Amino acid sequence: MKTLSKNTGKLLRGIPDHYRFRHNATYIRYNNMISFYPGPSRIHDEIPQYVQDAATSGILSANHRSPAFVELSKEVIGLLKAKLGVPDNYTVFFTSSATECWEIIAQSLVQSGSTHIFNGAFGQKWFDYTSRIRNAEPWSFDIEQATETKVPDHLLRDVLCLTQNETSNGTQVTDNALALIRKVNPDAIIAVDATSSIGGITLSFENADVWFGSVQKCFGLPAGLGIMICSPRAIARALEINETAHYNSITFMKKMMDSWQTSYTPNVLGIYLLMRVLKDSKKIQKVHDKLYTRYERWMDFLSRAKSIRHLVKNQSVHSFTVLPVSGDPELIKRLKSDAREKGLLLGEGYGQWKESTFRIANFPALKKDEISELMRFLKKY
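Just so it is clear, the model here is predicted, and its values are computed rather than measured.

Trainee: Break down the overall build of the chain for me, citing the residues and quoting the values.
Mentor: In terms of helices and strands, the chain carries 12 helices and 17 strands. The principal-axis extent of the C-alpha atoms belonging to the chain is close to 60 × 50 × 40 Å. Residue burial in the chain is summarised as follows: out of 381 residues, 56% are buried. A fraction of 70% describes how many contacts in the chain between residues 6 or more apart in sequence connect residues 24 or more apart.

Trainee: Account for the environment of T95, naming residues and giving values.
Mentor: Looking at the secondary structure, you find T95 in strand β4 (residues 91-95). A relative accessible area of 2% means that T95 is categorised as buried. Remark: the alpha-carbon pair of T95 and S307, spanning 212 residues in sequence, is separated by 42 Å. With sequence-adjacent residues up to four places away left out, T95 is seen in contact with E100, C101, I104, L225, G226, I227, M228, M253 and Y264. From its side chain, T95 meets the backbone oxygen of S97 in a polar contact 3.1 Å long.

Trainee: So what's going on with the sheet that holds strand β11 (residues 210-214)? Which residues, and what values?
Mentor: Read from one edge to the other, the open sheet built from 7 strands follows the order β4-β12-β11-β10-β7-β5-β6, with strand pairing classed as mixed. With partners counted over all chains shown, the strands left at the sheet margins are β4 and β6 (136-140), one partner each. Averaged over all adjacent pairs, the angle separating strand axes in this sheet is 20°, with direction ignored. Taken together, the 3 bridges between strand β10 (residues 189-193) and β11 define a ladder with parallel strand orientation. Each bridged residue has a counterpart across the sheet, and for D193 the counterpart in β11 is F212. Against the sheet, helix α5 (residues 121-131) engages β5 (114-118), β6, β7 (159-163), β10 and β11, with an angle of about 160° to β5.

Trainee: Residue-level account of helix α7 (residues 232-241), with values.
Mentor: Every α-helix carries 3.6 residues per turn, so stepping three or four residues along brings you back to the same face. Among the residues of α7, those classed as buried are A234, I235, R237 and A238. Looking straight down α7, one finds its buried side chains confined to an arc of 160°; they lie on one side.

Trainee: Describe the side chain of S326, naming the residues involved and giving the relevant values.
Mentor: Relative to the elements of secondary structure, S326 occurs in strand β14 (residues 322-326). By relative accessible area, which is 6% here, S326 ends up buried. For S326, the residues in contact, after removing those within four places along its chain, are S307, I308, R309, H310, L311, I332, S356 and T357.

Trainee: Run through the sheet that holds strand β16 (residues 347-348), naming residues and quoting values.
Mentor: Taken in spatial order, the 4 strands make up an open sheet running β13-β14-β17-β16, and their pairing is antiparallel. This sheet does not close on itself; its edge strands, each paired only once, are β13 (309-310) and β16.

Trainee: So what's going on with the packing of helix α4 (residues 98-109) against α5? Which residues, and what values?
Mentor: Closest axis-to-axis distance for the α4/α5 pair is 10 Å, and the angle between their directions is 45°. The angle between the axes of α4 and α5 places the two elements in the oblique class. Viewed along their axes, α4 and α5 form a crossing whose handedness is right-handed. Across from W102, E103, I105 and A106 in α4, the residues of α5 making contact are F122, K125, W126, Y129 and T130. Each residue belonging to the contact of α4 with α5 can be placed in one class, and the counts come to 6 nonpolar, 1 polar and 2 charged.

Trainee: Run through the pairing of β7, naming residues and quoting values.
Mentor: Residues in a regular strand point their side chains to alternate faces of the sheet. Of all 5 residues that make up β7, 5 are buried, and the element is covered over most of its length. Side chains of β7 alternate between two faces, with V159, C161 and T163 and L160 and L162 buried alike. In the sheet, β5 pairs with β7 via 4 bridges, with the strands oriented parallel. When the bridges of β7 are listed, S114 appears paired with V159. Looking at chain direction, β7 and β10 are connected through 5 bridges and run parallel. Across the sheet, residue L162 finds its bridge partner in β10, namely V192.

Trainee: Hey, could you go over the side chain of E243 for me, with residue numbers and the actual values?
Mentor: Topologically, E243 is positioned in the loop between α7 and α8 (250-257). No salt bridge is formed by the buried E243; its nearest oppositely charged neighbour, R134, is found at 6.0 Å. Within the local environment of E243, its side chain forms a polar contact with the side chain of H246, the two groups lying 2.7 Å apart. In this structure, E243 is in contact with Q107, S108, A238, S249 and T251, ignoring residues within four places of it in sequence.

Trainee: Hey, could you go over the confidence of the model for the chain for me, with residue numbers and the actual values?
Mentor: For residues with low pLDDT, the predicted coordinates do not support detailed interpretation. When pLDDT is averaged along the chain, the result is 91; 92% of the residues meet or exceed 70. Per-residue pLDDT stays below 50 along residues 1-30; that stretch engages in 29 contacts with residues further than four places along the chain or on separate chains.

Trainee: Give a detailed account of unusual backbone geometry, specifying residues and quantitative values.
Mentor: In the segment running from G39 into P40, the intervening peptide bond is cis, with an omega of -15°. Mapping P40 onto the fold places it in the loop between β3 (34-35) and α2 (47-57). The phi dihedral of N242 falls on the positive side, at around 55°, and the residue is not glycine. Inspection of the secondary structure puts N242 in the loop between α7 and α8. Look at N242 and you get partly exposed, because its relative accessible area is 44%.

The rules behind these values
- Residues numbered from 1 in each chain as written.
- Predicted model: local features only at pLDDT ≥ 70, side-chain atom pairs only at ≥ 80, totals over all residues.
- Heavy atoms only, no water.
- Helix = DSSP H or I, 4+ residues; strand = E, 2+ residues; numbered from the N terminus.
- Buried < 20%, exposed > 50% of the residue type's maximum accessible area, 1.4 Å probe, protein only.
- Contact = heavy atoms within 4.5 Å.
- Polar contact = N/O pair within 3.5 Å; in protein donor to acceptor, adjacent residues only side chain to side chain.
- Pairing = 2+ DSSP bridges.
- Axes fitted to C-alpha atoms, helices over the stretch in contact; angles between N-to-C directions.
- Arc of directions from axis to C-beta.
- Parallel < 35°, antiparallel > 145°, perpendicular 65-115°, else oblique.
- Left-handed = near helix turned anticlockwise from the far one by under 90°.
- Nonpolar A, V, L, I, M, F, W, Y, C, P; charged D, E, K, R; others polar.
- Lys, Arg positive; Asp, Glu negative; His and termini not counted.
- Salt bridge = Lys/Arg side-chain N within 4 Å of Asp/Glu carboxyl O.
- pLDDT = per-residue confidence, 0-100.

What follows is the structure, encoded as structure tokens:
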């Protein structure tokens, strides 16, 4: 390698050894690492070709008010509804990230306040963010417990916020629980963060009014694009509130999406890549079945492991897309280091489990032989 310039040396200082750097290159990439990180995670193998196709097609230079973008927007939204089972009367919006959706919901849908039901760090973060700009009530539960469904009257507000798949601890809110929450809280707008599950498992969209997520997990895409899906009830609530002081107001977003456009200059490359991935994807039930079979394979493997195990004992609340593996902190530290040496990138533990766990993504882009390679490595632990 050529001698690095002073500025380049500063830029690269402190970056982990498992990255490969090339002086004068415009990118930093993994050095043959298989990423099991639960987001951003492994991208589909076809993404480089899709990017080339996007550049060749001219769509990346198209004005986002142009007929070319409108056709792209129509196609992607049609594919999302067809492949994921989104109801025809639900409205799909493009955002920059799932985190941006927290703000959109707080500004456009919350009147008296929001109630946040959570058992992990990302649900907590959603509550913390909302409470800085709106009245918000927390209602937490243990990771070994099924989700509570009837919100106590003193905590109930007009928007209920849940994290369907809690990435920090590998638990989920099941379809049945969501259906019951909808039934016993009929007047509330229900908003669901599905960042680590949308595109990977079947979701009954009728059970909530707002669903949102980012594409860097189950969709197998680079980060930088979010999706928000709203029911007619959510749109009606937003129009009733008629909040227009913010650029990402649902009122304004809906006005623009009626013409298949966005309220801001969108991530056209991300939208194009999503279109290509959706075209190549099977319908969600087949994807779900594939990931569930893999989940069962992992559970069988962990049940026979010597010193590591699933963090959560109650299998009825397990996520199918993120597996947290726990063990003695010293063992976990050594295991993660050894994995990097073998070209296997594991997700760090999160929050209170940072030192005693690592996390394994079970996303569609991962391949069967890559999972087998990780299992062979973990057998000695």
